[in-house]
Amino acid sequence: MAVSLREYRARIKSTESMKKITRAMELIAASRIIKAQQRAQAAAPYARELTRAVSAVATFSNVDHPLTKEEENPVKAAVLIVTSDRGLAGAYSGSVLKEAERLFERLRDEGKDVDIFIAGRKGEAYFKFRNRPVVQSWTGFSDQPSYDVAAEIGEALITAFLKDQGEEGDVDEVHVVYTRFRSMLVQEPTAVRLLPLEIIEGEQAPEASEALPLYEFEPSPESVLDGLLPQYVQSRIFFALLQAAASELAARQKAMKSATDNAEELIKKYTRIANQARQAGITQEISEIVGGVNALADSNAGSE
């Protein structure tokens, strides 16, 4: 019983140490998630208005821009998958990777090959373990993304998209798979097509007189699109990174809270078992003492 008691005491001590770690990680995630959520909310109006501006130019002008051109027979798609750099976030990275695999399957059913781009070490490790090629990856910023990183990712994707079909590294479509932050309890893996540009604003242009056209683009619609479209792509990627960062921190806080609660339950369980073992040991020792006293008394009575 003494050995078993020592063992349970050691387990209690190690579980208490683990509980302190998970509790600290829970508090760190909780302190960061508010800022991450505020950054995502602050970026939303800019991304929304920029999308509306790009959609207006693309809708109300007859410009055939390379970033809005649909290939007649698309054969290759680029997919950017946004995962986390660190673990201990529950099913966060696993969920977005499952969503990416579903997208891969759908694209292959359409007869398209897939080029994989990764943001986050978890996604990088996932495909490396399965010996699946990754065109390019970016790591080290998953919980605190910057616009510079989004611009670098956007530039790489735009470069691949603008290559002529058949050229090495060219793609006909660009998709992004990330986790959309709905609330502290709900984070939704989402796949969206980024390029070619899909017209989100489905509005019809009001009629205008011949003397005064309703929309005027200066210096020209082509120049406006040349300036807006790269910023549009970068802002959409940055918004996806911010949403993913808030989702990662929310998932980590939830996972660490669950781990802390489980550690508390384990401590209670081990404490109860240790007390039972200690009580059983004391009872056995008392029984041995009483038995020894009775045996000694019987021995003395026999000698008399």
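Just so you know, these numbers come straight off a predicted model, no measurement behind them.

Quick notes on the rules
Residues numbered from 1 in each chain as written. Predicted model: local features only at pLDDT ≥ 70, side-chain atom pairs only at ≥ 80, totals over all residues. Heavy atoms only, no water. Helix = DSSP H or I, 4+ residues; strand = E, 2+ residues; numbered from the N terminus. Expected span 1.5 Å × (residues − 1). Buried < 20%, exposed > 50% of the residue type's maximum accessible area, 1.4 Å probe, protein only. Pairing = 2+ DSSP bridges. Axes fitted to C-alpha atoms, helices over the stretch in contact; angles between N-to-C directions. Contact = heavy atoms within 4.5 Å. Salt bridge = Lys/Arg side-chain N within 4 Å of Asp/Glu carboxyl O. 1 Å grid on protein atoms, 1.4 Å probe; cavity = no way out; pocket = protein on both sides within 12 Å on 5 of 7 lines; lining within 4 Å. Points joined across faces, edges and corners; volume = space filled by probe spheres on them. Nonpolar A, V, L, I, M, F, W, Y, C, P; charged D, E, K, R; others polar. Right-handed = clockwise from strand over helix to strand, strands pointing away. Core = buried A, V, L, I, M, F, W, Y, C linked by side-chain atoms within 4.5 Å.

Draft legend 1. Region of the structure containing helix α4 (residues 147-162). With 16 residues, α4 should reach 22 Å at 1.5 Å per residue; the first-to-last C-alpha distance of 22 Å fits that figure. Those residues of α4 that sit buried are Val149, Ala150, Ala151, Ile153, Gly154, Ala156, Leu157, Ile158, Ala160 and Phe161.

Draft legend 2. Spotlight on the sheet that holds strand β1 (residues 76-82). Sheet architecture is open: 5 strands sit in the order β3-β2-β1-β4-β5, paired in mixed fashion. Each edge of the sheet is formed by a strand with only one pairing partner; in this case those strands are β3 (136-138) and β5 (187-195). Going across the sheet, the axis of each strand differs from the next one's by a mean of 20°, ignoring polarity. Pairing analysis gives 7 bridges linking β1 to strand β2 (residues 113-119), with the strands arranged parallel. Among the inter-strand pairings, Ala77 is bridged to a residue of β2, identified as Val114. Against the sheet, helix α2 (residues 92-109) contacts β1, β2, β4 (173-181) and β5, and its axis sits at roughly 150° relative to β4. The sheet contacts of α4 involve β1, β2, β3, β4 and β5, and relative to β3 the element is tilted by about 165°.

Draft legend 3. Summary view of the pattern of salt bridges. Throughout the structure, instances matching the rule amount to 13 salt bridges. With a shortest N-O distance of 3.1 Å, Arg252 and Glu248 are connected by a salt bridge. Of this pair, Arg252 and Glu248 both sit in helix α5 (residues 221-303), 4 residues apart, which is roughly one turn of that helix. There is no split in this pair, since Arg252 and Glu248 are both buried.

Draft legend 4. Fine view of the side chain of Arg252. Owing to a relative accessible area of 2%, Arg252 belongs among the buried residues under this scheme. Those residues in contact with Arg252 that lie beyond four places of it in its chain are Met25, Ala29, Arg86, Gly87, Leu88 and Ala89.

Draft legend 5. Broad picture of empty space enclosed by the protein. The full count for this structure, using the stated rule, is 1 cavity of 30 Å³ or more. The volume enclosed by the largest cavity comes to roughly 40 Å³. Residue lining of the largest cavity: Val82, Thr83, Ala119, Gly120, Phe141, Ser142, Pro145 and Leu241, and that is the complete set. Its residues assigned to classes, the lining of the largest cavity shows 5 nonpolar, 3 polar and no charged.

Draft legend 6. Spatial organisation of unusual backbone geometry. Residue Pro196 follows Leu195 across a cis peptide bond; omega there is -5°. Along the chain, Pro196 turns up in the loop between β5 and α5. Even without being a glycine, Leu88 presents a positive backbone phi close to 60°. Tracing the backbone through its elements, the reader meets Leu88 in the loop between β1 and α2.

Draft legend 7. Quick peek at the pairing of β1. With respect to burial, β1 is a largely interior element, 6 of its 7 residues being buried. For the crossover from β1 across α2 to β2, the handedness is right-handed. Bridge analysis of β1 against β4 gives 5 bridges, and the strand direction is parallel. Among the inter-strand pairings, Ala77 is bridged to a residue of β4, identified as Glu173.

Draft legend 8. Molecular detail of the nonpolar core. Core analysis: the largest hydrophobic core is formed by 46 residues, its most contacted members being Leu80, Ile153, Leu157, Val174 and Ile237. Listed by contribution, the elements that provide at least two residues to this core are α1 (2-59), β1, β2, α4, β4, β5 and α5. Residue contributions to this core peak at 14 residues, all from α5. If near-sequence neighbours (up to four positions away) are discounted, Leu157 is found in contact with Ala78, Leu80, Phe117, Val174 and Ile237. Ala77, Ile81, Ala100 and Tyr126 belong to the second-largest nonpolar core, a separate cluster that totals 15 residues.

Draft legend 9. Quick look at the side chain of Thr260. Take Thr260: it is sitting in helix α5. What makes Thr260 buried here is its relative accessible area of 4%.

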